[in-house]
Amino acid sequence: LTDEVTKLEDEHKKLNEEFNNMRLKYTELTDRLQTAQREDASTIVSLQQQVEKLTASEKEWRITKRELEQEVDGLQRKERQGTATVTSLQQRLDKEREDALYLLYELEDSKQQVVVGQHQLQRLKDQVRDLQDEVLVTTS
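Residues numbered from 1 in each chain as written. Predicted model: local features only at pLDDT ≥ 70, side-chain atom pairs only at ≥ 80, totals over all residues. Heavy atoms only, no water.

Engineer: What's the story with the overall build of the protein chain in this structure? I'm lost.
Structural biologist: From N to C terminus, the protein chain includes one helix and zero strands. By the compact-globule yardstick of 14 Å for 140 residues, the protein chain is too spread out, its C-alpha radius of gyration being 58 Å. Over its C-alpha atoms, taken along the principal directions, the protein chain stretches across nearly 200 × 20 × 15 Å. The buried share of the protein chain, taken over its 140 residues, is 1%. Total accessible area computed for the protein chain in this model is approximately 13,600 Å², and 56% of it derives from carbon and sulfur atoms. (Helix = DSSP H or I, 4+ residues; strand = E, 2+ residues; numbered from the N terminus. Rg over C-alpha atoms; globule rule 2.2 N^0.38 Å. Buried < 20%, exposed > 50% of the residue type's maximum accessible area, 1.4 Å probe, protein only. Areas by Shrake-Rupley, 256 points an atom, 1.4 Å probe, with all protein chains shown as cover.)

Following this line, the structure appears as structure tokens:
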């Protein structure tokens, strides 16, 4: 019986040691779990903050992009208007140049007619003078 009691005491002692070891491991694991949970919670908070910042940045970028697209549309519209205006002015300039060239031709033609008219006038004056001389000669 004493042997049995000794055996049981040894077994009880072993089981107590094993229990204490298990309790120590449990405590260590619980501590590690709590530490990991705290770190994970901290990481989650940090990631949530990053997501919020990225979401805000994305929203700002979308707004900026929309504004830039509107500005580009406005600039393209102004470019089209400018091109149309330049084309219109170019056509008017071409028309005015054509009219000016026509007027120059008419002026040149008028100058030639004036010169011809002056020559005819001079010829007629010469004829009148010649006739007056003839009249003078015949009357004298």
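Structure's up, so let's keep going.
Engineer: Could you clarify how one ought to interpret the environment of Thr138 in this entry?
Structural biologist: By the secondary structure assignment, Thr138 is in helix H1 (residues 2–139). Given a relative accessible area of 65%, Thr138 falls into the exposed group. Separated by 107 residues in the primary sequence, Thr138 and Asp31 have C-alpha atoms spaced 155 Å apart. A polar contact is formed between the side chain of Thr138 and the backbone oxygen of Glu134, at a distance of 2.6 Å. In this structure the side chain of Thr138 is engaged in a polar contact, spanning 3.1 Å, whose partner is the backbone oxygen of Val135. (Polar contact = N/O pair within 3.5 Å; in protein donor to acceptor, adjacent residues only side chain to side chain.)

Engineer: Explain the pattern of salt bridges to me, please; I cannot follow it from the model alone.
Structural biologist: Any two side chains of opposite charge can pair, so long as their charged atoms come close to each other. If you walk through the whole model with that rule in mind, you get four salt bridges. Of the charged contacts in the structure, one is a salt bridge between Glu69 and Lys65, with a shortest N-O distance of 3.9 Å. Residue Glu69 and its partner Lys65 are both found in helix H1; the two are separated by four residues, about one turn of the helix. Between Asp126 and Arg129 there is a salt bridge, with its nearest N and O atoms 2.9 Å apart. Taken as a pair, Asp126 and Arg129 lie in helix H1 at a separation of three residues, close to a single helical turn. Looking at Arg129, the relative accessible area reads 43%, which means it is partly exposed. (Salt bridge = Lys/Arg side-chain N within 4 Å of Asp/Glu carboxyl O.)

All we've got here are geometric facts, nothing functional implied.
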